[in-house]
Amino acid sequence: MQLDRIFVSEDIDSNNLGVTTTLQNMGYAQIGHSQYCDDALLKLKKALKDGTPYDLLISDLSFENPRTKKNIQNGQELITAIKAIQPTLKVIVFSVEDDHHTITTLFSDQQIDAYVCKGLNGLSELQKSIKAITNHEQYTCPIATAVLQQKNVLALDGYEQQLLAYLAKGYTQHEISALLKEQDISPNSVRSIEANISKLKDYFNATNTTHLVYVASSLGLI
């Protein structure tokens, strides 16, 4: 599908600038924005009334701004409000929150299209989510995916957790092999370590070892 007009609802200037710059680099020129949920809803409504509706809303969930009188308290309420009058609007949540219930509810109740966690690789993941939506697909970043698949976390054994800990400390596969041999822990060959790391990458949908460490750390595994 074609996404021509995108609206960004984000209260922090630096994050707003980062998202806007990312969109501009992707070739999008018609970008609206607001730092307040109430104002965001008014602008989205006006665009719809004027016959120039936005195709995509990118919204944070938490808004800590100085306005005391607010009808809409957070991004989740904003999404609910705009979906009530523009149900076809595509929505990406871009947030630091990685709570299982929150993410699940947003997909099931607010019918969002993508969930991306802020932080390392956040903006690149945002780009992936937009491309997925243009292909009529839902998207969750690796952290959100892992959160939604709680069994992955619970299924990690002591050996896998030890591998993650060593990777987080910057050890190479050869160094990890030597450390495991010193502790008489098996499997400890470089080949088996490589295979297990590859499995963990698939487990958490991580693109590389650095990404794997970041996802594991975000989930409290390291």
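Everything numeric in this text was worked out from a predicted model, so none of it was measured.

### Some thoughts on the overall build of the protein chain
Okay, so step 1: Counting its secondary structure elements, the protein chain contains 11 helices and six strands.
Okay, so step 2: Across its three principal directions, the C-alpha atoms of the protein chain cover 70 × 35 × 30 Å.
Okay, so step 3: By the burial criterion, 46% of the 222 residues in the protein chain qualify as buried.
Okay, so step 4: Sequence-distant contacts, at least 24 apart, represent 66% of the contacts inside the protein chain between residues at least 6 apart.
Okay, so step 5: When the accessible surface of the protein chain is split by element, carbon and sulfur atoms take 48% of a total near 11200 Å².
Okay, so step 6: If the 19 positive side-chain charges of the protein chain are averaged to one point and the 25 negative ones to another, these points end up 5 Å apart.

### Focus: the sheet that holds strand 4 (residues 90-95)
Okay, so step 1: Strand order in the open sheet made by the six strands is 2-1-3-4-5-6, with parallel pairing throughout. The open sheet terminates on both sides in strands that have one partner only, identified here as strand 2 (30-34) and strand 6 (139-140).
Okay, so step 2: Across five bridges, the pairing between strand 1 (residues 5-9) and strand 2 is parallel. If you follow Ser 9 over to strand 2, its bridge partner there is Ser 34.
Okay, so step 3: Packing of helix 4 (residues 100-108) onto the sheet brings it into contact with strand 4, strand 5 (114-117) and strand 6, and relative to strand 5 it is tilted by some 155 degrees.
Okay, so step 4: Running over the sheet, helix 5 (residues 122-134) touches strand 3 (56-59), strand 4, strand 5 and strand 6 and is turned about 165 degrees from strand 4.

### Some points on the pairing of strand 3
Okay, so step 1: With burial as the criterion, each face of strand 3 is covered, one bearing Leu 56 and Ile 58 and the other bearing Leu 57 and Ser 59.
Okay, so step 2: As paired strands, strand 1 and strand 3 are joined by four bridges and run parallel to one another. Bridge pairing in strand 3 links Phe 7 to Leu 57.
Okay, so step 3: Judged from the four bridges that link them, strand 3 and strand 4 form a sheet pairing that is parallel. Across the sheet, Ile 58 pairs through a bridge with Ile 92, a residue of strand 4.

### Digging into the packing of helix 8 (residues 158-168) against helix 9 (residues 173-182)
Okay, so step 1: Closest axis-to-axis distance for the helix 8/helix 9 pair is 11 Å, and the angle between their directions is 130 degrees. Between helix 8 and helix 9, the angle is such that the two are oblique. For the crossing formed where helix 8 meets helix 9, the hand is right-handed. Facing Tyr 159, Gln 162, Leu 163, Tyr 166 and Leu 167 of helix 8, the residues of helix 9 in contact are Ile 176, Leu 179 and Leu 180.
Okay, so step 2: Its residues assigned to classes, the contact of helix 8 with helix 9 shows seven nonpolar, one polar and no charged.

### Remarks on unusual backbone geometry
It is generally the case that most residues other than glycine have a negative phi and that most peptide bonds are trans.
Okay, so step 1: Ser 186 connects to Pro 187 through a cis peptide bond whose omega is -5 degrees.
Okay, so step 2: In this fold, Pro 187 is placed in the loop between helix 9 and helix 10 (190-203).
Okay, so step 3: In this model, Gln 111 sits at a positive phi of 55 degrees, which is unusual for a non-glycine residue.
Okay, so step 4: Note that Gln 111 resides in the loop between helix 4 and strand 5.

Quick notes on the rules
- Residues numbered from 1 in each chain as written.
- Predicted model: local features only at pLDDT ≥ 70, side-chain atom pairs only at ≥ 80, totals over all residues.
- Heavy atoms only, no water.
- Helix = DSSP H or I, 4+ residues; strand = E, 2+ residues; numbered from the N terminus.
- Buried < 20%, exposed > 50% of the residue type's maximum accessible area, 1.4 Å probe, protein only.
- Contact = heavy atoms within 4.5 Å.
- Areas by Shrake-Rupley, 256 points an atom, 1.4 Å probe, with all protein chains shown as cover.
- Lys, Arg positive; Asp, Glu negative; His and termini not counted.
- Charge placed at Lys NZ, Arg CZ, Asp CG, Glu CD.
- Pairing = 2+ DSSP bridges.
- Axes fitted to C-alpha atoms, helices over the stretch in contact; angles between N-to-C directions.
- Parallel < 35°, antiparallel > 145°, perpendicular 65-115°, else oblique.
- Left-handed = near helix turned anticlockwise from the far one by under 90°.
- Nonpolar A, V, L, I, M, F, W, Y, C, P; charged D, E, K, R; others polar.

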